[in-house]
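Residue-level listing of the chains:
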Amino acid sequence: MYFLRNLPSVTPKFHHFIIRQLSSSSSSAAAASSDHQLSEVEYEHVVNETLESLTEAFETLLEKHKLPSDVYYSNGVVTVELNQQGTYVINKQTPNRQIWLSSPFSGPKRYDFFNQTWIYKHDGISLHKLLNKEFSNIFKNDKNINFETCSYGKKSE
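From a predicted model like this one, the values you see are computed outputs, not experimental measurements. (Residues numbered from 1 in each chain as written. Predicted model: local features only at pLDDT ≥ 70, side-chain atom pairs only at ≥ 80, totals over all residues. Heavy atoms only, no water.)

**Considerations on the environment of lysine 143**
Part 1: Summarising the element assignment, lysine 143 is placed in the segment after helix 4 (127–138).
Part 2: Judged by its relative accessible area of 70%, lysine 143 falls in the exposed class. (Helix = DSSP H or I, 4+ residues; strand = E, 2+ residues; numbered from the N terminus. Buried < 20%, exposed > 50% of the residue type's maximum accessible area, 1.4 Å probe, protein only.)

Okay, here's the thing in structure tokens:
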């Protein structure tokens, strides 16, 4: 609360950033609370389908570009080793009903299932959109990268 009371003392640019962050945090928290919690059975179905679909998409993409790489999927963990770019790890977290991502570019993130896709609550970006962005940066000449075609890659309207 100290920070909020002293908000006028921060720079205008930073002030707008803080207000935007506070409003998006409260709106996403309210939205998340309105979405029903997946049962363990529902979660297992959705997360397994998501991870299998992502694995297939990674395999297809990396085969297309003939990049020295490996894709593994075992026990709820997808590992994508991209030679010089680093390693992605995407895994299910059943107790939290989340998917966790470790990216060599954006670091660790935890995704919740909301509106039929996996959303990072801190920025509202889906797992699939982030993968689109990062893999489009790796394969700059490929304009057809679209992880949103994978299972649970698009928000329901």
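There's more to say after this.
**Section: the pattern of salt bridges**
Part 1: For the coordinates displayed, the defined rule picks out four salt bridges.
Part 2: The partner of lysine 64 in a salt bridge is aspartate 142, and the shortest N-O contact between them spans 3.0 Å. Separated by 78 residues along the polypeptide, lysine 64 in helix 3 (residues 40–65) and aspartate 142 in the segment after helix 4 bring together distant segments of the chain.
Part 3: Judged by its relative accessible area of 7%, aspartate 142 is buried.
Part 4: Notably, a salt bridge pairs lysine 121 with aspartate 112, separated by 3.8 Å at the nearest N-O pair.
Part 5: Taking the relative accessible area as the measure of exposure, aspartate 112 reaches 16% and is therefore buried. (Salt bridge = Lys/Arg side-chain N within 4 Å of Asp/Glu carboxyl O.)

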